[in-house]
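The primary structure of each chain is shown beneath.
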There are 2 protein chains.
Amino acid sequence: MNVEKTTLKEFCDMVADKTPTPGGGAVGAIVAALAASLNQMVANLTVGKKKYADFEEIMEEVLENMNYSREKLQQLAYDDIKAFNKVMEALKIPKDDPTRSEKLQTALKEAADIPFELAREARNVLKFSQVTSKHGNKNAISDAYSSAELAYAAFRIGMYNVLINLSSIKDEEFVRKYKEELEELKNEVEGIYKSIRELVKENGFEI
Amino acid sequence: MNVEKTTLKEFCDMVADKTPTPGGGAVGAIVAALAASLNQMVANLTVGKKKYADFEEIMEEVLENMNYSREKLQQLAYDDIKAFNKVMEALKIPKDDPTRSEKLQTALKEAADIPFELAREARNVLKFSQVTSKHGNKNAISDAYSSAELAYAAFRIGMYNVLINLSSIKDEEFVRKYKEELEELKNEVEGIYKSIRELVKENGFEI
C-alpha cells in the first residue's frame, strides 16, 4: 500500500481481502486524512472572501495544520500495517522458543502506539473541524460538518485499535498508563464533538 | 475522479483544493465503501473457521451484499460530483434568463437525491456492520466496530448534504416528503448505531 500509487478501488480491495492488513487502523488514518482535506477545502473556499475577512488568519492556520496532519496520517497508515505484521511474525515463533513472549510483547506495544497516534491526530483534525464549522464559508458548511463526523469516527477507530492491543499486553503499568491517557483524550474529543453536534442542530442540520 | 485511477493522495488533493467538488458527498460515498470493505474483511476472516461454522451462511451474505454496496457507492461518488456541477452551471445562468429558476430547481432536486441515496446505502452497510460486530471473528472485532463508525459517519454526511440542498428548494411538497423520509431513516440508523455502541461497551471497547 502506497498513498501515491494505490487507487481508491485497489485500497478497498486490499482492505476487503482475507488478510488482516490493511485493517481498521490504516483505514482510520486515511479517513482522518480525508477529514483534514475537507477542512482544507472549506478554508480554501473561505480565504480571500470579503465576507470572511475576519477569519482569514485562522483559515490560513487550518490550511497549514491540516497539511501537517495529512502527512502524519499517511505515514500512520503505513506504520499501522507494518506494526500489525510484526505482531503476526511474533505469533509465528514456535511456542517453545524462550524469546517468543518478549518479542510478542514488544510488537504488541508498538502496535498499540500507532493507533494511539491516530487517536491524537484525529483529535487535532477535529479541533480544526470545529474552526471550519464555526467560521468557514456558509456555502461549504455541510463539508465542515462532514469533516467533523469523519475525524470523530477516526478517533474511535484509533481507540478500538489501542484497546484490542492493550488486551494482550502483560505489562500492567504500561496498560494502566495508556488507558489513563486514552481516557483523557476521549473526554476531550467527546467534548469537542458534542459542541459541534450542538452547532449542527442550531443551524438546522439535524432532522 | 475515477476510483480505478485516482490514488489516495490524489483524492485527498482533489478534495482539499479550492473547488467545491469532490466535496463531503463524494468523500462520504468513498468512506461508506471503505466501511463495506472492512465488513468484507471481517467476513473473509470468519468463513471457513470451525469456531464460527454457525455464521458461515450469514458471512457469505455479508460478502455478497457489501460487494453490491461498494459498486453502488463508487457510482454515487461520481454522481455527487456531477450533480453538484449541474447546480453550479445553473447558478451561472444570467439572473434575467426566465429559464434560470426552473433549471436551478431541477438541478437542486437531483443534488438532493444523490446524498439521500448515500444515506440509504450507509444504512445498509451499517446493518451488516452490526452482523460482523455480533458474529464476526473476535480477532477482527475492532475492524467490525470501525466499520460501524464509518458507516454512521457516512450516513450523517448524506443527511447534511440532503439538508443543505433542501434549504434552497422551493417545492414545499418535495421538501416535506424528503424530510419525512430522512427522519424515518435517521431514527432507524440511530437505533442500529446505539445498539452497536452498547455492544462495544459490553465487550470492553469503551474507555
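Use the structure listed above.
Reading the values: the criteria
Here the residue index of a chain counts from 1 through its sequence in written order. Following the order in which they are written, the chains are lettered starting with A and the ligands numbered starting with 1. Whole-chain, interface and lining totals are the exception, using all residues; otherwise, since this is a predicted model, local features are given only for residues with pLDDT of at least 70 and side-chain atom pairs are given and counted only at 80 or more. Remark: hydrogens and water are excluded; side-chain values derive from all non-hydrogen atoms of the structure. Each helix corresponds to a stretch of at least 4 residues labelled H or I by DSSP, and each strand to a stretch of at least 2 residues labelled E; elements are numbered beginning at the N terminus. It only takes one pair of heavy atoms within 4.5 Å for two residues to be counted as in contact. For the area figures, the Shrake-Rupley method with a 1.4 Å probe applies, and any residue is considered shielded solely by the protein chains shown. Working convention for charge: Lys and Arg count positive, Asp and Glu count negative, and His plus the chain ends are omitted. Here the site of a charge means NZ on Lys, CZ on Arg, CG on Asp, or CD on Glu. When two cysteine sulfur atoms are found within 2.5 Å, that pair is recorded as a disulfide. Only protein chains enter the area calculation, which uses a 1.4 Å probe; residues under 20% of their type maximum are buried, those over 50% are exposed, and those in between are partly exposed. What sets the superposition is a least-squares fit of C-alpha atoms, and only residues with pLDDT of at least 70 in both copies go into it.

A. Structural view of the overall build of chain A. From N to C terminus, chain A includes 6 helices and 0 strands. Going residue by residue from the N terminus, the α and β elements of chain A occur as α-α-α-α-α-α. The dimensions of chain A, computed from C-alpha atoms along their principal axes, are 70 × 40 × 35 Å. Contacts in chain A between residues far apart in sequence, at least 24 positions, make up 77% of those at least 6 positions apart. About 9100 Å² of surface is accessible on chain A, with carbon and sulfur atoms providing 50% of the total. Each charge class in chain A was averaged separately, 29 positive and 35 negative side chains, and the resulting centres sit 3 Å apart.

B. Region of interest: the state of the cysteines. For the structure shown, the criterion picks out 0 disulfides over all chains. This cysteine, Cys12 of chain A, is not joined by any disulfide, and Cys12 of chain B carries the nearest cysteine sulfur, 13 Å off. Using a relative accessible area of 4% as the deciding quantity, one classes Cys12 of chain A as buried.

C. How the structure looks around the relation of the copies chain B and chain A. With an RMSD of 0.0 Å, the fit of chain B onto chain A corresponds to turning through 180° and sliding 0.0 Å along the axis. The superposition of one copy onto the other is thereby described by a two-fold rotation axis. Residues of chain B ranked by C-alpha distance from the rotation axis are headed by Thr7 of chain B, positioned 1.9 Å from it. Of the interface residues in chain B, 100% have counterparts in chain A that sit at the interface too, so the contact is made through matching surfaces.

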